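Examining the three-dimensional arrangement
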Amino acid sequence: MAETAAVSALEAPAAAEQSGMVSVLDCAKFVRVSAFLGLESNRREVGLPTCIAVANQNILIGTSHGLVLVFDHTENLRLIIGRNLVYEYGPVTAVDTPPFAEGPRETWLLCGYQGGQVVLWDVLTGKALKVITDAHSHSVAFLRFLNDGVRVLSADILGVMRLHIFTTAMFFGHVSAERILVLNGKQTGSVLALEPLRVGNTAHVTDALNLFAFSTTKRTHIMGLGDGLTLRMCENLKLLRPQGTVTDSVSAATVAQPSALPRLSWRPAHVSEPRTTPAYGGVRQLGRELLDPVLAIAWGCTITFVTVRNCPSKKNDNPARLSGVDFKVGEYSTNAEITNIAWLGPHAIVFTTMSDDIRVLDPITMAEIQTTGIKHMELIYSARLMNPATQNPQISFENCIRYAHSRLYLLGLGSLHTVQLLSWDGCIESLVAKNRYAEALSLALDFYEGRNKCAIGLPKDLRESRTVVASKLLAVLQQFARMTLQVPSEAQSPRRASISVANLCIQYCLKLDASDILFGELFPLFECAGAAGQFVSQLLPQLLDGAVVALPDHIFGAVSDYCVAHGQASSLERLIRNMAFEKLNFQQVVSLCHAHRLYSTVLYLNARRMADLIAPLCELFNVFVGTRQQQHDLTLPWTSTPEQESLGKLLIQYIGDCLIGVVFQHSMPITPPSRVHSLRWELCAFMFARNIPEEAREYPRLFYLLSVDTAAVLHALYPVFETPSFAPKGSLPTTRYGFAPDRQQMSHVLTCLVLDRQVFETPTLFTSPSSARIRPPWRFTDQQQSVLLLFLAKYYAKHSIDLTDELVHFVISGYLCNQLVLRGGAQVRQDHEQILLSMLPRLLESNEPHSILITAEGAGFFAVAERIHLHLHEFTKAMTDCTKSPDNQHRVFDLVRQLLADQRLDGKDKTDIRSAVIANLVTLTKIDATKTTSLIVECLAEDHPRVVAQLANFPQLQYEYLRHLMSKEGRKQAGKAGLAITAETHELYLTLLCRCGASPVDIQAYLTSAEDYPLDACLRVCQKYHQIEGELYLLEQIGDSSLALSRMTEAFTAQLEELQAFYFNHYSVEQDSHSFPHTTQEKLLATNLDRAIAFCQRNSSKLPDAEIEIMWFKLLDTLILPLRCLKRREQQQQPQQSLHVDEGRITPADSMVQALGHMTHTVLVSMMGHVRLASLLQKVLHEHGKDEFGDFRSLIIGVLDTYSYEATILKTATSLLHKDIYTATRSLYLNRKRPIVAKAALCSLCATAIRSGTPKRLQLCGGINVGKGPSARDDILIFGCGHIFHKSCCSSSACILCRSTQQTTRLGKVKRSPPEVAECPDGLNPFVGEGSPAPQAAALEPWNDTDAKLKQLDQLQQLQAAEQGSKLFLLNQLQQHDTEPNRAQALTKRPVPVHLYRPLNVLRTTRQKLPTPAQTPTPQLTPSVERPRNKTPTV
């Protein structure tokens, strides 16, 4: 609304952060120290700075000349130490001072030199207290005092780490040193970083452990010294070097390089101080917050955080392991290589990068808060460390940064800087001091909303922090407003400055919910400066948006005055509605609304108040009517002004909402609900008051409201007429405004006021188009009277009111059925018909139905006429009226079904209905042929012949009827209804199909799906109307395939001629074309050819071979003869009209020849499975032998290729069969070599040892010969089941144990299990001689399975029965065994010859080489002749 010159309070934070103006780092420079270091003469004298240490009183800087510069914190040079050691020890590489030192140790300074020496100096005197010349053999890289101030860790560049312990003599002050080797540098490698854990401001479990961390080339270690000299390693903590993996927020260019060095920094244990925070009624004391020590490891682009937590459960007795602590590890990745890192307080980390910048990281949210460039500082670095991978010097920034006294000291080549992290209020104060109020306010808002991550000093609880920040922000805001309003800036005018300040004040106060400060302290400042209007102009948009819901009285008055002065009454109205109603000064606001004619708001406020809902209506009604002149003729209409009309509509809306029971222009219901009934009575009594003072009219209130909007008034009254319990008829509830009328009285008053009585006396005036010129003027227009008539008719139909016969007749004849009124459109006609239908039940009770019927038919209300005819039992007329109604004509089918199913109707009525249906059959079919068919099938099935005859003169309708009858659903319904479809019906339907232009596909579909149609009659119909597809199908069904093929070839020949004529007529010989598109004729020809081929293939299985060849050859000749004619025609042409005029050019004849050749080839391929090749070649050579062979070369070669392909397939199948036979035979051969393992070394019956006698051989009837003598026949019997017997114990040819078990299983249905026998003792195996090894387990495993035994024994039995080793015979026998399980079980009962199954050691010596598949002879296709079974087969 008003222009603003200041930066938006919501956009300022982002703008400030992007521009870098708001900083959380306070960077300062030591001017005098930097001047000393930068002076060239001083550099020549003392050298360049190399390292730095900060003590309580001094700042110590080591130089390249081996000196140490001692400055105090006021930047005065106090001392230069080490002048006599400049050329002896080399540059100072490391310095450190004791932490928390007291007494003499407070002045100690420990220095490490490039030569490996370590010297302890006294800072006050500049004397060397202790010189250790053999501390290290190489340059000292790190020196770190432990917390006790007497123990020091030193490490050189080779990784040798030592622990030095300094002690002071009690009386003489002599310092002695003891050293212990911690690392020798050979196992761990170079030490790249070293940092001990300092003691924090609170006690922690780590204080007694004296932890320190150091990094090598591969990993970081955490160790502890405790109070003694024993080193303790942490357990199961693997802090390996990062592999340089790239996170989602880090680009691939920022992967850590192999030359990156690690940097370490400890945050000691910290506890926050107790603090207070403002609270309701005073202040609240807050407790302390303990923070565990955290180690930050910066390596490459990754920072790893290791938290050391107290864990008493993790205690162990191993002196080499840390106990009582636990570790938690987290990571953060940045986009640049980190060169140094340090904790700047307990809540922030500062690190430098190779991009010459320093960054602040919030370790809680893992977000970088600020980045500041430090390239101008020129930080020092060393290049003494070697990279093992590249053997190049590595740049180390280890000694350029030190943290002390809550500050970070950065040592440059010629300068010294300090960095301090500002607290949240410090950041704000720094901006305020620079008069950057907009930035200070935006930064404070960031702290308030928690967007700024580095909120140092703020409570972690959001509610507490918001309370603190809000107090600070409001103080800055008041200071800014006071300064700007008193002394505006020169760049802005006072008006623009006040607008800018007002905008900021309003936005920030609303954001902080500090409206009391805004209106109580800030607004008076604007009033004193004369800028209250600017303040209100900025406040008004916030009020209209609902940001403020309560205003003090003086602010509300200022806002209302501003709106009125600027002509914004609508804005004032919106403002009042947005205010909290309970906080408004009701009388002040209502008076203001009356003064400014905000009548809608007056009604709204009174409705929300719910005290007296009628009183404001009385006040505004007087305003609505206003000053008026007495009219002598009260029949004339009342003319109102636009303001009166607007107010009248508001009053009508107010009355309607009150009658419904809701607050005006609000969805809140009126409470209590019981008040709604009495309110309705009062409103009706108020509106229908007959006489009021100063009014000559009767019912003036109702009259004036009806004059404004009759339809709105009647709509507002609908709750009264719809509610049954409003007021019973005849009862007159008493109110303060008089008696409340009932519905009948209200309708009478409405009729007397609105309707013109002359209309009842002369009805033609209302119905005549010229009545407007003849009839005298009336106070209500015809449209207003029409609205009332509809209202009366609606509630007359609902029995809510009663109407006189005269009025009812006028409503029906003069209005509802008035042709002049019905010209308003289809919607008006439909509405009037619905109203008349709703009135009809009541009209039929008290009026003559014939008069109403005549009126309804004259108006075209056929639905009303139908209802009256049904009431008069004139069903046929009702059905006729239903068909005439355009909207309800589809209901006629349901109406007929209902009437025919009605049990109250007699047979004559139903007969008349059926006759009427048949008489109106044409009309019904035009409406919906499907529903007509369903109706006839369901209800008039016996009248089907009459229906067909009735539609004889309308072939299209007859076709539609029969089409739905012959459909799948129609035939299903006909079957259920018992309607038999005769042959004549089928013939008629097929005739109609042909006559009505049905497609051949539809005819074919009908002939295929239908049944019981006369074939001969249908064939004649198809022939009559030249339906080739149907004729061919019927000929095939009759069985006359020869005639069908003839008709097919005739049609095919005609299509060929059309195609040829098309080519030669549309494409000339001289046309330069390399290809011709596929025409519609060619595609149709291909489709018909496929149909002919399918016909021949179907009939080939039904005809003898001779007729099959005739049929196929006839089809082939249909294509070959035109092809030959075309060839001869081309050969007889002139040379200039040759086939190939130009190379690559195709003539129409060529295209035709190609098409015919392709079709001929298709026929030849399709007939191969039905016609012998010899017959086909004989026909080609006999009938076409005189032609050039080239004409048929491609066809014959294609046929031969097909047969060659089939021969190849047969050859391949035969080869595969040979390989399978070879594999099966080889498997049988190998199975013969497998041994049988006996279950025990004892006889299964007598339990006597088998080897008690000398076995010779096994009996030929089924035993196994385990000996070698030919005369021994009755020693041992071994069966396939594994049981072994003496010959004298078992005389049967089958195993008696297995046979008895099997019989038991069949009788008792018990699962057969092998008999329990004793296991064979070691060394008593009957198949292995003494000293011979036992059979291999792999060879005996197959016989542990009973199924495998049965299968192998069955195969061996078949080998014995075979006369020759025919592979095919064996394969056939094996296939039969799969289907004869009983036979296989019977074979298992016989003993197996032992020479077929020998032990494994015997098999190895007697195994013969099997023939390969290539050497295996081709088996015969006939099985071999079997020999007698008493002879042994030859293998």
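Residues numbered from 1 in each chain as written. Predicted model: local features only at pLDDT ≥ 70, side-chain atom pairs only at ≥ 80, totals over all residues. Heavy atoms only, no water.

1. As for the overall build of the protein
Looking only at helices and strands, the protein has 54 helices and 39 strands in total. Burial statistics for the protein: of 1435 residues in total, 47% are counted as buried. Sequence-distant contacts in the protein: of pairs separated by 6 or more residues, those separated by 24 or more amount to 60%. On the protein, roughly 71600 Å² of surface is accessible, and the fraction owed to carbon and sulfur atoms is 52%. (Helix = DSSP H or I, 4+ residues; strand = E, 2+ residues; numbered from the N terminus. Buried < 20%, exposed > 50% of the residue type's maximum accessible area, 1.4 Å probe, protein only. Contact = heavy atoms within 4.5 Å. Areas by Shrake-Rupley, 256 points an atom, 1.4 Å probe, with all protein chains shown as cover.)

2. Some details on the pattern of salt bridges
Counted under the stated rule, the structure contains 29 salt bridges. Of the charged contacts in the structure, one is a salt bridge between Glu643 and Arg597, with a shortest N-O distance of 3.6 Å. Here the residue Glu643 occupies a position in helix α16 (residues 642–660), and Arg597 occupies one in the loop between α13 (586–595) and α14 (599–609), the gap between them amounting to 46 residues. Residue Glu643 is classed as exposed on the basis of its relative accessible area, which comes to 58%. In this structure, Asp902 engages Arg904 in a salt bridge whose closest nitrogen and oxygen atoms are separated by 3.2 Å. Connected via shared salt-bridge partners are Arg144, Glu195, Arg263 and Glu398. (Salt bridge = Lys/Arg side-chain N within 4 Å of Asp/Glu carboxyl O.)

3. Some thoughts on the side chain of Ser537
Looking at the element boundaries, Ser537 is found in helix α10 (residues 532–544). For Ser537, a relative accessible area of 6% puts it in the buried group. Among the polar contacts made by the side chain of Ser537, one reaches the main-chain carbonyl oxygen of Gln534 at a distance of 2.6 Å. (Polar contact = N/O pair within 3.5 Å; in protein donor to acceptor, adjacent residues only side chain to side chain.)

4. Here's the deal with the environment of Leu79
With respect to the helices and strands, the residue Leu79 is situated in strand β5 (residues 77–81). Separated by 46 residues in the primary sequence, Leu79 and Thr125 place their C-alpha atoms 8.7 Å from one another.

5. Topic: the sheet that holds strand β9 (residues 128–132)
Strands pair in a sheet through their backbones, by hydrogen bonds, and they do so in one of two ways: parallel or antiparallel. As summarised here, the arrangement of the 4 strands in space is β6-β7-β8-β9, forming an open sheet in which the pairing is antiparallel. Since the sheet does not close on itself, it has two edges, and those belong to β6 (92–96) and β9, each with one partner. Within the sheet, the average angular offset between the axes of one strand and its neighbour, ignoring direction, is 20°. As paired elements, strand β7 (residues 108–113) and strand β8 (residues 118–122) share 5 bridges and run antiparallel to each other. Looking at β8, one finds that Leu110 is bridged to Leu120. (Pairing = 2+ DSSP bridges. Axes fitted to C-alpha atoms, helices over the stretch in contact; angles between N-to-C directions.)

6. So, the packing of helix α18 (residues 700–708) against helix α21 (residues 743–754)
Two numbers describe how α18 lies on α21: the axes approach to 11 Å, and their chain directions differ by 60°. Here α18 runs over α21; the crossing is right-handed. Along the contact surface, α18 presents Leu702, Phe703 and Leu706, while α21 presents Val749, Leu750, Leu753 and Val754. (Left-handed = near helix turned anticlockwise from the far one by under 90°.)

7. With respect to helix α33 (residues 907–919)
Counted at 1.5 Å a residue, the expected span for α33 with its 13 residues is 18 Å, and the 18 Å between its end C-alpha atoms agrees. By the burial criterion, the buried members of α33 are Lys910, Ile913, Ala916, Val917 and Ile918. (Expected span 1.5 Å × (residues − 1).)

8. Comments concerning the pairing of strand β16 (residues 219–224)
Across the 6 residues that make up β16, a large majority, 5, are buried. Examined bridge by bridge, strand β15 (residues 211–215) and β16 share 5 bridges and lie antiparallel to one another. Across the sheet, the residue bridging to Ser215 is Thr220, located in β16. Between β15 and β16, which pair antiparallel in sequence order, lie 3 residues. With 2 bridges connecting them, β16 and strand β18 (residues 239–240) associate as antiparallel partners. Looking across to β18, one finds that Arg219 is bridged to Leu240. Relative to strand β17 (residues 232–233), β16 runs antiparallel, the two being bridged by 2 bridges. Within the sheet, the bridge partner assigned to Gly224 lies in β17 and is Arg232.

9. Some words on the confidence of the model for the protein
Of the residues in the protein, 74% have a pLDDT of 70 or more, and the chain-wide mean is 76. When pLDDT is averaged over each helix and strand of the protein, the minimum, 33, is found for helix α54 (residues 1400–1406) and the maximum, 95, for strand β4 (residues 68–72). Here residues 627–632 scores under 50 on pLDDT; set against residues more than four positions off or in separate chains, the count is 8 contacts. Counting interchain partners and residues more than four positions distant, the pLDDT-below-50 stretch residues 1304–1346 has 57 contacts. (pLDDT = per-residue confidence, 0-100.)

10. Quick word on the environment of Asp906
As for its placement among the helices and strands, Asp906 is situated in the loop between α32 (892–901) and α33. By relative accessible area, which is 42% here, Asp906 ends up partly exposed. At 3.0 Å, the side chain of Asp906 and the backbone nitrogen of Asp909 are in polar contact.

11. Remarks on the packing of aromatic side chains
Aromatic ring pairs are defined here through the distance separating the ring centres and the angle between the ring planes. Across all of its chains, the model carries 24 aromatic pairs by this definition. Aromatic side chains Phe36 and Phe71 sit 5.8 Å apart centroid to centroid with 75° between the ring planes, which places their arrangement in the edge-to-face category. Placement of Phe36 in helix α2 (residues 31–38) and of Phe71 in strand β4 is noted, with a sequence separation of 35 residues between them. When its relative accessible area of 2% is taken as the criterion, Phe71 is described as buried. Ring geometry for Phe721 against Phe791: centres 4.9 Å apart, planes inclined by 85°, an arrangement best described as edge-to-face. Residue Phe721 is located in helix α20 (residues 718–722), and its partner Phe791 is located in helix α25 (residues 782–797); the two are separated by 70 residues in the primary sequence. In this structure, Phe721 and Phe791 share a single accessibility class: buried. Taken together, the ring pairs in this structure connect Phe621, Phe624, Phe686, Phe703, Tyr704 and Phe780 into an aromatic cluster. (Phe/Tyr/Trp six-rings, centres within 6.5 Å; stacked < 30°, edge-to-face > 60°.)

12. Some remarks on the sheet that holds strand β13 (residues 175–184)
Strand order in the open sheet made by the 4 strands is β10-β11-β12-β13, with antiparallel pairing throughout. Bordering the open sheet on either side are β10 (140–145) and β13, each of which pairs with just one other strand. The mean inter-strand angle of the sheet, taken between neighbouring strand axes irrespective of direction, is 20°. Direction of pairing for strand β11 (residues 151–156) relative to strand β12 (residues 160–168): antiparallel, over a ladder of 5 bridges. Looking at β12, one finds that Arg151 is bridged to Ile165.

13. Observations regarding the nonpolar core
Counting residues in hydrophobic clusters, the biggest one holds 191 residues, and the most contacted among them are Leu605, Phe624, Leu702 and Met839. Considering every element that reaches this core, the biggest residue donor is helix α7 (residues 462–486), with 9 residues. Ranked by size, the runner-up nonpolar core spans 85 residues in total, among them Ala916, Leu1032, Leu1045 and Ile1120. (Core = buried A, V, L, I, M, F, W, Y, C linked by side-chain atoms within 4.5 Å.)

14. Some details on the environment of His809
Looking at the secondary structure, you find His809 in helix α26 (residues 805–816). Taking C-alpha positions, His809 is 9.1 Å from Ile852, a pair spaced 43 residues apart along the chain.

15. Comments concerning helix α11 (residues 553–565)
Spanning 13 residues, α11 covers 18 Å between terminal C-alpha atoms, matching the ideal 18 Å at 1.5 Å per step. Regarding α11, the residues found buried are Ile555, Phe556, Gly557, Val559, Ser560, Tyr562 and Cys563. For α11, the elements touching its buried residues are α9 (515–528), α10, α12 (569–578) and α13.

16. Describing the pairing of strand β28 (residues 349–353)
Counted residue by residue, β28 has 5 buried out of 5 residues, so it is predominantly covered. Burial of β28 is two-sided: the residues Ile349, Phe351 and Thr353 facing one way and the residues Val350 and Thr352 facing the other way are all buried. For strand β27 (residues 338–343) and β28, the ladder comprises 5 bridges, and the chain directions are antiparallel. Bridge pairing in β28 links Ile338 to Thr353. Here β27 folds back onto β28 in antiparallel fashion, the turn holding 5 residues, of which Gly345 has a positive phi close to 90°. Across 4 bridges, the pairing between β28 and strand β29 (residues 357–362) is antiparallel. From the neighbouring strand, Thr352 faces β29, where its bridge partner is Ile358. Turn length for the β28-β29 hairpin, with the two strands adjacent in sequence and antiparallel, is 3 residues, and the turn residue Asp356 shows positive phi of about 60°.

17. Remarks on unusual backbone geometry
Residues Thr671 and Pro672 are joined by a peptide bond in cis, for which omega reads -10°. The residue Asn435 is not glycine, and still its phi comes out positive at about 60°. Mapped onto the elements of the fold, Asn435 is located in the loop between α5 (424–433) and α6 (437–449). Positive phi is not limited to glycine here, since Arg597 has a value of about 60°.

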